[in-house]
Amino acid sequence: MKSNRVSRRVFIGQMGIGATALFSGPSLYAALANQRPPLGVALVGLGKYSTGQLGPALKQTQYAKLRGVVTGDKAKGQQWAKDYDFPETNIYSYDTMHQLAHNPDIDIIYVVTPNGLHAQHAIAAAKAGKHVICEKPMANTVAECDAIIRACKNAKVKLSVGYRLHFDPYHKELMRLAREKDFGTFTKMSGDRGFVMNTKVWRADKKLAGGGPMMDLGVYIIHGACMAANGAGPISVTASEITKTRPDIFSDVEEGMNWTMQFADGAECTAFTSYRHGADHFKAEGAKGWIEFKEHAFTYRGMVVATSRGPLNFTPPYQQALQIDDFAQCVMNNRQSVVPGELGRRDLAILEAIYKAAQTGKSEKVIY
Ligand code: NAD
């Protein structure tokens, strides 16, 4: 790893060009990235998901390593620098993120802040000439997704969404079944996802979360149903918000939502999400069989999955490690991620239609 980094410096030195001028060019990053795996990753936002999943995943990755952080808490950043063995000069604040443009240690910026800040941080990352992974939901609105996609195109950097389930064997089997139609076309889908939220945190703040459980949890069912529909998105939706039992917490977002999604081939998905019940379930049924994610349908591990042919027993991988390694390989080999920004944007288009349907009480077309 070290020798690759040294050879890059030697190469730059031989060219006789100032490092600042060189490192400000995103296309140069892309070119040089080819020469030095593992690529350097900086996590933006050191909350629960970064601490519990992404940081540990980056200890398992082969093609990417954690080499920096962006945080509002300097002391926390220093602890991460110790734990992950990177220099304190690679700790940035949200206000100094743009300075990452001059840091050759970092190739990929992974945005793990509240949803409403994803656009701001992903665009700052792209402008710094870094490749971007953005957590789900990609942003609060389709317009914000468009702005992220545009910024990454302009900077000629790659963009991916943290849709880790594309790297999970059970969900890969769902996609295979949808593609090869072993059970026929899945015409009936259902999903249920929730957890109990008892305090007002950013997830119940519309500006930071974009909405309530629909944005945070419902998006998994939307994404799973599109997998079961072989990648197609629904053409129309209906939705209704549940009556609030905790209006003190859910003052400006829904506490729960019932919704349906209709697909062009006649398939339908019926779903529910809330912050007042615990659930994690998904089922897809065709004329010749079914697959059911009985427990932990959309979580990291502990999935219990059965089909009409019997139970499935895959060895659970470290989803996030596979996801990050795949993106690093996309950068190194100049290929598009299987979970590109466009997929995150698609899901926001569906979410927007669902919120509209909940307001109008009518079936709404999804405008992609
Ligand atoms: P969290 O609240 O634990 O962490 C959020 C981080 O953002 C904290 O470090 C916080 O300090 C920082 N932050 C910066 N500005 C902030 C502000 N104005 N208000 C609040 N926090 C601010 O949240 P989390 O669970 O780590 O979620 C972060 C993102 O990751 C969300 O978009 C979430 O949807 C996503 N996530 C994805 C998965 C997955 O499986 N893919 C799982 C959990 C979370």
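Going by the structure above, here's the rest.
First things first, this report covers the structure right here in the doc. (Residues numbered from 1 in each chain as written. Predicted model: local features only at pLDDT ≥ 70, side-chain atom pairs only at ≥ 80, totals over all residues. Heavy atoms only, no water.)

Points about the sheet that holds strand β14 (residues 310-312)
Reading across the sheet, the 9 strands line up as β14-β13-β12-β11-β7-β10-β9-β8-β15 and stay open at both edges, with mixed pairing between neighbours. Across the chains shown, the open sheet's two edge strands, defined by having one partner strand only, are β14 and β15 (364-365). Relative to strand β12 (residues 289-295), strand β11 (residues 279-286) is paired through 5 bridges, and the arrangement is antiparallel. From the neighbouring strand, A284 faces β12, where its bridge partner is I291. Set on the sheet, helix α8 (residues 169-180) makes contact with β11, β12, β13 (304-307) and β14; between it and β12 the angle comes to about 160 degrees. Of the strands in this sheet, β7 (188-194), β9 (256-262), β10 (268-274) and β11 touch helix α10 (residues 213-228), which is tilted by about 160 degrees from β10. (Pairing = 2+ DSSP bridges. Helix = DSSP H or I, 4+ residues; strand = E, 2+ residues; numbered from the N terminus. Contact = heavy atoms within 4.5 Å. Axes fitted to C-alpha atoms, helices over the stretch in contact; angles between N-to-C directions.)

Observations regarding the site of the ligand
Near the ligand you find 23 residues, and of these K48, N115, K136, R164 and W202 are the closest. L46 has a polar backbone atom sitting 3.2 Å from an oxygen atom of the ligand. Y220 is positioned such that a nitrogen or oxygen atom in its side chain is 3.1 Å from an oxygen atom of the ligand. Bound to the protein, the ligand loses 77% of the 840 Å² it would expose on its own. Those elements that place two or more of their residues in the shell around the ligand are α4 (48-57) and α10. The class makeup of the residues in the shell around the ligand is 11 nonpolar, 6 polar and 6 charged. (Near = heavy atom within 4 Å. Polar contact = N/O pair within 3.5 Å; in protein donor to acceptor, adjacent residues only side chain to side chain. Areas by Shrake-Rupley, 256 points an atom, 1.4 Å probe, with all protein chains shown as cover. Nonpolar A, V, L, I, M, F, W, Y, C, P; charged D, E, K, R; others polar.)

Observations concerning unusual backbone geometry
Here the bond from K136 into P137 is cis, since omega is -20 degrees, no more than 30 degrees from zero. By the secondary structure assignment, P137 is in the loop between β5 (131-134) and α7 (142-155). For K181, which is not glycine, the phi dihedral falls at a positive 55 degrees. Structurally, the position occupied by K181 is in the loop between α8 and β7. Phi is positive for H296, which is not a glycine, with a value near 50 degrees. The topology assignment puts H296 in the loop between β12 and β13. Residue class for H296 comes out partly exposed when judged on its relative accessible area of 36%. (Buried < 20%, exposed > 50% of the residue type's maximum accessible area, 1.4 Å probe, protein only.)

As for the sheet that holds strand β2 (residues 64-70)
Strands sit in the order β3-β2-β1-β4-β5-β6 across an open sheet of 6 strands; the sheet is parallel. For this open sheet the edge positions go to β3 (91-92) and β6 (159-161), each flanked by a neighbour on one side alone. When β2 meets β3, the two strands line up parallel, connected through 2 bridges. Its bridge partner being in β3, V70 is matched across the sheet by Y92.

Some words on the pattern of salt bridges
Across all of its chains, the model carries 17 salt bridges by this definition. Residue R276 pairs with E255 through a salt bridge whose shortest N-O separation is 3.9 Å. A residue pair is termed long-range when its members are at least 10 positions apart, and R276 in the loop between β10 and β11 and E255 in the loop between β8 (236-241) and β9 qualify at 21 residues. Of the charged contacts, one joins E292 and K294 as a salt bridge, the two residues approaching to 4.0 Å between their closest N and O atoms. Bridged by salt links that share partners, the residues E173, R176, E180, D182 and R309 form one connected network. (Salt bridge = Lys/Arg side-chain N within 4 Å of Asp/Glu carboxyl O.)

Regarding the pairing of β13
Inspection of the sheet shows β12 paired to β13 by 4 bridges, in the antiparallel sense. Pairing of E295 across the sheet is with V304, part of β13. Judged from the 3 bridges that link them, β13 and β14 form a sheet pairing that is antiparallel. Across the sheet, the residue bridging to V305 is L312, located in β14.

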